[in-house]
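Commentary on secondary and tertiary structure
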Amino acid sequence: MLSKSQSSFIRSLHQKKYRQQHSAFLVEGAKSVQEVLLSDFHTELVVATEGFYKENAQLTDRQRTPVEIASVAELERVGTLESNNAALAVVRTKENRPLVAQAGEIALILDDIRDPGNLGTILRIADWYGVRKILCSDTTADVYNPKVISASKGSFTRVAWWYGDLTSFLETTVLPAQASVYGAFLDGADVHMLPFGSGGYLVMGNESNGIRAEVGRFVTDRVTIPRYGDAESLNVGIATAVLLDNWRRSQPLHK
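In this text, all values refer to a predicted model and were calculated from it rather than measured experimentally.

**Considering the overall build of the protein**
- Counting its regular elements, the protein contains 10 helices and 10 strands.
- In terms of overall size, the protein behaves like a compact globule, its C-alpha atoms giving a radius of gyration of 20 Å where 255 residues would be expected to give roughly 18 Å.
- The C-alpha extent of the protein, read off along each of the three principal axes, is 60 × 40 × 35 Å.
- Taken over 255 residues, the protein has a buried fraction of 51%.
- The contacts in the protein between residues at least 6 apart in sequence include a share of 75% that link residues at least 24 apart.

Below you can see the structure in the form of structure tokens.
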């Protein structure tokens, strides 16, 4: 059974300021907790039902992670999910380290992506297409938000991210390297016709306003997804998948 202080601490991690203060975040649900226990994240505590613990004791033993047995009602009371019949974990955040796309590597740049669900979906899409580095503006949703972690379906354990001043990064790191920077714009070249290079950066902008002008000026290739029907727009996660899929089509399959 969880103590009152443990319950209070776990609930505090629903909020960004306490995640930053304690350098910790929540991972919830059977699949995500299993994924994080197998990753290089440091798990400080697992709160689990007796059934989950018995089935996954080898994973908690791997990191020598303390485990508290709790009921489903307790899990749902301290967590953020409406339904959680397995486990949640308290995990240490990682250091915010700079990331750079190496030769032949694709990296994502997210400019002001505000919706946590969209960000989590983009992490999952990046993982699917073998994109391991995501650079985020300071105004992009907090990757440690429980909604982001949940929507990523465990992909957060295989994708690295960095938050910072995108314009400074593009000006001081990307521009001197003469790296290709593709950006999603309504007036860009048809994604089905654009000859993508072997690597570079793909910039995705805000769900409503697109890429900011100060970031857009570093884009070397403007690209768009042509519309054949009457929908007003595409979800930014779907658009990211379409663009990455077309980029990958021009490359040999590799692991």
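There's more to say after this.
**Focus: the sheet that holds strand β3 (residues 67-69)**
- On the basis of which strands lie adjacent, the open sheet formed by 4 strands has the order β1-β4-β2-β3 and mixed pairing. Pairing within the sheet leaves two strands with one partner each, and these edge strands are β1 (24-28) and β3. Neighbour to neighbour, the strand axes of the sheet diverge by 15 degrees on average, direction disregarded.

**Notes on the side chain of S12**
- Within the secondary structure, S12 sits in helix α1 (residues 4-12).
- Owing to a relative accessible area of 13%, S12 belongs among the buried residues under this scheme.
- A polar side-chain atom of S12 sits 2.6 Å from the main-chain carbonyl oxygen of F9.
- The contacts of S12, once residues within four sequence positions are left out, are Y18 and H22.

**What to know about the packing of aromatic side chains**
- Counted according to the given criterion, the structure contains 11 aromatic pairs.
- Between F25 and F156, the aromatic rings sit 6.1 Å apart at their centres with planes inclined by 85 degrees, giving edge-to-face as the arrangement. Of this pair, F25 sits in strand β1 while F156 sits in the loop between α7 (146-151) and β7 (160-164); the two residues are 131 residues apart in sequence, bridging distant segments of the chain.
- In textbook terms, an aromatic cluster arises when at least three aromatic residues are bridged by ring pairs, as seen for F25, F41, Y144, F156 and W161.
- For K94, the ring lying beneath its charged end belongs to F41, and the centroid distance is 4.2 Å.
- Its end group placed over the ring of F185, R222 keeps NZ or CZ at 3.7 Å from the ring centre.

**A look at the side chain of E28**
- Considering the arrangement of structural elements, one finds E28 in strand β1.
- Buried within the structure, E28 lacks any salt-bridge partner; its nearest side chain of opposite charge belongs to R19, at an N-O separation of 8.9 Å.
- Side-chain polar atoms of E28 contact the side chain of T80, separated by 2.5 Å.
- A distance of 3.4 Å separates a polar atom in the side chain of E28 from the backbone nitrogen of L81.
- Ignoring any residue separated from it by four or fewer positions in sequence, one finds E28 in contact with V33, G79, T80, L81, N84, A87, L88 and P146.

**With respect to the pattern of salt bridges**
- Evaluated as defined, the whole model comprises 14 salt bridges.
- Salt-bridge contacts for E50 lead to K54; the nearest nitrogen and oxygen are separated by 3.4 Å. With E50 and K54 both in helix α4 (residues 50-63), this residue pair falls 4 residues apart, about one helical turn.
- Residue E50 is classed as partly exposed on the basis of its relative accessible area of 48%.
- A relative accessible area of 61% means that K54 is categorised as exposed.
- With a shortest N-O distance of 2.8 Å, R222 and D187 are connected by a salt bridge. Of this pair, R222 sits in strand β10 (residues 221-224) while D187 is found in strand β8 (residues 181-190), placing the two residues 35 residues apart along the sequence.

Calculation rules
Residues numbered from 1 in each chain as written. Predicted model: local features only at pLDDT ≥ 70, side-chain atom pairs only at ≥ 80, totals over all residues. Heavy atoms only, no water. Helix = DSSP H or I, 4+ residues; strand = E, 2+ residues; numbered from the N terminus. Rg over C-alpha atoms; globule rule 2.2 N^0.38 Å. Buried < 20%, exposed > 50% of the residue type's maximum accessible area, 1.4 Å probe, protein only. Contact = heavy atoms within 4.5 Å. Pairing = 2+ DSSP bridges. Axes fitted to C-alpha atoms, helices over the stretch in contact; angles between N-to-C directions. Polar contact = N/O pair within 3.5 Å; in protein donor to acceptor, adjacent residues only side chain to side chain. Phe/Tyr/Trp six-rings, centres within 6.5 Å; stacked < 30°, edge-to-face > 60°. Lys NZ or Arg CZ within 6 Å of the ring centre and 35° of its normal. Lys, Arg positive; Asp, Glu negative; His and termini not counted. Salt bridge = Lys/Arg side-chain N within 4 Å of Asp/Glu carboxyl O.

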